[in-house]
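# Structure assessment
Here are the chains, one letter per residue:
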Amino acid sequence: MKRRWLIVALGAAVLITFEAQPAYAMHIMEGFLPPLWALFWFVVTIPFWLIGLRQIQRIVREKPEVRLLLGFAAAFTFVLSALKLPSVTGSSSHPTGTGLGAILFGPWVMSVLGSIVLLFQALLIAHGGLTTLGANAFSMAVAGPFVAWLIWRGLAGRAPFWLVVFLAAALADLSTYVITSLQLALAYPDPVGGFGASFAKFGAIFAVTQIPLAISEGILTVLIMNALQTSAAAELEALEIKGVRA
Amino acid sequence: MLRVIDRYAFANRLRAVDPAQKAGLAVLVILLCLTLDRPLVGWLALGWMLAVAIWYARIPWRVVIAVLGAESTFLALSVIGVAMSVSFDQPVAARWMTSLGPLWLSVSNESLQTALRLLSRALGSAAALNVLILTTPLVDLIELLRRLRAPALLIEVMTLSYRAIFVLLDTLEQMVTAQTARLGYASWRATLRSSALLGSRLFVVAYQRSQALETALHARGFTGEVRVLPLCYRIDRWLWPIGAVVVASLVVAGWWP
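What comes next concerns the included structure. The structure displayed is predicted, hence computed values, not measured ones.

Conventions we followed
- Residues numbered from 1 in each chain as written.
- Chains lettered and ligands numbered in written order.
- Predicted model: local features only at pLDDT ≥ 70, side-chain atom pairs only at ≥ 80, totals over all residues.
- Heavy atoms only, no water.
- Helix = DSSP H or I, 4+ residues; strand = E, 2+ residues; numbered from the N terminus.
- Rg over C-alpha atoms; globule rule 2.2 N^0.38 Å.
- Buried < 20%, exposed > 50% of the residue type's maximum accessible area, 1.4 Å probe, protein only.
- Contact = heavy atoms within 4.5 Å.
- Areas by Shrake-Rupley, 256 points an atom, 1.4 Å probe, with all protein chains shown as cover.
- Lys, Arg positive; Asp, Glu negative; His and termini not counted.
- Charge placed at Lys NZ, Arg CZ, Asp CG, Glu CD.
- Expected span 1.5 Å × (residues − 1).
- Phe/Tyr/Trp six-rings, centres within 6.5 Å; stacked < 30°, edge-to-face > 60°.
- Lys NZ or Arg CZ within 6 Å of the ring centre and 35° of its normal.
- Buried area = accessible area lost by both parts, 1.4 Å probe.
- Salt bridge = Lys/Arg side-chain N within 4 Å of Asp/Glu carboxyl O.
- Polar contact = N/O pair within 3.5 Å; in protein donor to acceptor, adjacent residues only side chain to side chain.
- Nonpolar A, V, L, I, M, F, W, Y, C, P; charged D, E, K, R; others polar.
- 1 Å grid on protein atoms, 1.4 Å probe; cavity = no way out; pocket = protein on both sides within 12 Å on 5 of 7 lines; lining within 4 Å.
- Points joined across faces, edges and corners; volume = space filled by probe spheres on them.
- Arc of directions from axis to C-beta.
- Axes fitted to C-alpha atoms, helices over the stretch in contact; angles between N-to-C directions.
- Parallel < 35°, antiparallel > 145°, perpendicular 65-115°, else oblique.
- Left-handed = near helix turned anticlockwise from the far one by under 90°.

Secondary structure summary: chain B contains 10 helices and 3 strands in total. Counted from the first residue to the last, chain B has its helices and strands arranged as α-α-α-α-α-β-β-β-α-α-α-α-α. Against the globule reference of 18 Å for 257 residues, chain B gives a C-alpha radius of gyration of 24 Å, more extended than a compact globule. With respect to the three principal axes, the spread of C-alpha positions in chain B is 75 × 55 × 35 Å. Looking at chain B as a whole, 50% of its 257 residues are labelled buried. A fraction of 70% describes how many contacts in chain B between residues 6 or more apart in sequence connect residues 24 or more apart. Accessible surface computed for chain B: about 13000 Å², of which carbon and sulfur atoms make up 65%. Here chain B holds 24 positive side-chain charges and 14 negative ones, and the gap between their average locations is 7 Å.

Structure below.
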């Protein structure tokens, strides 16, 4: 308990210094990527969609009713990302939910569900875009969930539960942020310093909103997982989520 | 924002128009903005698309502008990022520069042009996408995806989650009201605790709702597929000529010397 509040206090200190903007995680806007790069990120992401979809199809063939659960899982991720995460000075930011989603549903399923959520965000709240969906899906629905999943499976049992969950969620956010900066830097290298300078530049600009977000989402995910363990053990068990002490 | 866009998507003059027609126009404008890639094309597309949304689809201009501004934070930050160059050596041929410790921040004519081109292109294509999402409910877009032979499973999951989003959002709002009434958001620490409770309870609600839906469907002879009847659409006669004029003007603007 004591250590958890230490984390909260630490997060608060960082949030005060940076002051998060009320912003959605880094969705590259429609029309922002040149055609070739937009196409490239679709090509990179499509294999993940195919494998994820095939895995979902296999599960659904065994248990047809799982599709209802999947529908609600996508909706849950969408609604979670509409939550305003608190910051100290009254400003706020939105969590991505990818870390929690990867822990609950696994990274392959999450690559499909996360992409549906991104498509819905483009079509329902005008965040993101259609031509940039490939790039956004790679950073948010592929890279984030896989990082979270690797940490979750790799560290489970070797470190305290709260630390594993915190690292999984926070590093998922950070990897999304790093990949998006990379995507922008590749598309728009600096005329003076080239790709490296451009990467540093975009990284520095978006650090203002993304680093506080990663920390507060990490804390939030720890609290959610704790609450789930105490009050939703039956549901977690029904989903066969591994690594959770029910 | 979610409810605003959804409301106008269901209540505009182009609601009953075939989604393929509206999506065709929007996608064509986006592709032209991307491939022609000139500031003039971007600004022209922005103008046309705002005009179509406000005068043809009869969506209040405040709503159109607000939706376009949804991503202003990202746009502003990244356009500044493209315009600025960072280097350790003093840049030559810069329009404006300043030193920040060992770092030099500079803006050159070239980078400024790229940034302006990017700004117009992003605004033009975002406006085109906004015309589509403000005139077409998500159910119609999902129907369009079905016609384009997207996997049936994907279509089903999307249809279900579109409904589930509003169910969960209503639940979320009730819970937030209840928490606020009990001073759940009175301090930073309370806010964090309330958010966590909200997230975990929402997960349980989502799970239980899906179970309840399963029971209900089984009671009605559920065999593993959710089938929905397609809606009837009309073809808008005037949207073709409007689209032709828009596309022609964009192409001319793109090739103009």
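With that out of the way, let us pick up unusual backbone geometry. You will see that A126(A), though not glycine, has its phi angle at about 60 degrees, which is positive. Looking at the secondary structure, you find A126(A) in the loop between α5 (107–124) and α6 (133–155). Although it is not a glycine, R149(B) adopts a positive phi angle of roughly 65 degrees.

Turning to helix α9 (residues 188–219) of chain B, a few remarks are in order. Taking 1.5 Å per residue, 32 residues should reach 46 Å; α9(B) reaches 46 Å between its end C-alpha atoms and fits that length. Downstream of α9(B) by a residue or two, G221(B) has a phi angle that is positive, lying close to 85 degrees.

Turning our eyes to something else, we now look at the packing of aromatic side chains. What the rule picks out here adds up to 15 aromatic pairs over all chains. Measuring from ring centre to ring centre gives 6.3 Å for F48(A) and F138(A), while their planes differ by 65 degrees; the resulting arrangement is edge-to-face. In this pair, F48(A) sits in helix α2 (residues 35–62) while F138(A) sits in helix α6, placing the two residues 90 residues apart along the sequence. Between Y162(B) and F166(B) the ring centres are 5.5 Å apart and the planes differ by 90 degrees, which places this aromatic pair in the edge-to-face class. Of the two residues, Y162(B) and F166(B) are both situated in helix α8 (residues 152–181); the distance of 4 residues between them amounts to about one turn of the helix. Under the relative-accessibility criterion, F166(B) is labelled buried at 12%. Taken together, the aromatic side chains of W37(A), F40(A), W41(A), F48(A), W108(A), F138(A) and F146(A) make up a single cluster linked through ring pairs. Just above the ring of Y56(B) sits the side chain of R13(B); from NZ or CZ to the centre is 4.9 Å.

What follows covers the interface of chain A and chain B. Often, the extent of an interface is quoted as the loss of accessible area upon association of its parts. Counting residues at the interface gives 75 residues for chain A and 74 residues for chain B. A combined buried area of about 6800 Å² lies between chain A and chain B, and 82% of that area is made up of carbon and sulfur atoms. For the pair chain A and chain B, the number of links is 1 salt bridge. Scanning the region where chain A abuts chain B turns up 6 residue pairs in polar contact (both at pLDDT 80 or more). Of all the secondary structure elements, the ones that give two or more residues to the side of chain A that touches chain B are α1 (2–18), α2, α3 (66–82), α4 (98–105), α5, α8 (194–231) and α9 (233–238) of chain A. Of the residues contributing to the side of chain A that touches chain B, the split by class is 58 nonpolar, 10 polar and 7 charged.

Quantified by volume, the largest pocket comes out at close to 940 Å³. Every residue lining the largest pocket is counted, 32 residues in all, and those nearest its centre are F42(A), L119(A), L130(A), L133(A) and L145(B). Among the elements that make up the lining of the largest pocket, the one with the highest residue count is α2(A) (7 residues). Across the lining of the largest pocket, the residue classes break down as 29 nonpolar, 3 polar and no charged.

As a further point, take helix α10 (residues 239–255) of chain B. Residue and element names in this part refer to chain B. Here α10 spans 24 Å end to end across 17 residues, near enough to the 24 Å set by a 1.5 Å rise per residue. Restricting attention to buried positions, one finds in α10 the residues L239, G243, V246, V247, S249, L250, A253 and G254. Taken end-on, α10 shows its buried residues confined to a sector of 165 degrees, consistent with a single buried face. Residues of α10 that are exposed and angled more than 90 degrees away from the buried face: W240 and W255.

Considering all chains together, one arrives at 8 cavities of 30 Å³ or more under this definition. In this structure, the second largest cavity occupies an estimated 70 Å³ of space. Along the walls of the second largest cavity sit M29(A), E30(A), A126(A), G128(A), V67(B), L68(B), E71(B), A126(B), L129(B) and N130(B), which together make up its complete lining. Secondary structure elements with two or more residues in the lining of the second largest cavity: α4 (61–68) and α6 (109–135) of chain B. Here the element with the most residues in the lining of the second largest cavity is α6(B); it accounts for 3 residues. Among the residues making up the lining of the second largest cavity, the classes are represented as 6 nonpolar, 2 polar and 2 charged.

Where α5(A) contacts helix α7 (residues 138–147) of chain B, the axes come no closer than 11 Å and their chain directions differ by 130 degrees. Put simply, α5(A) runs oblique to α7(B). Note on packing geometry: the crossing formed by α5(A) with α7(B) is right-handed. Between α5(A), through L119(A), F120(A), L123(A) and L124(A), and α7(B), the contact on the second element is made entirely by L138(B), L141(B) and L145(B). In terms of residue class, the contact of α5(A) with α7(B) is built from 7 nonpolar, no polar and no charged.

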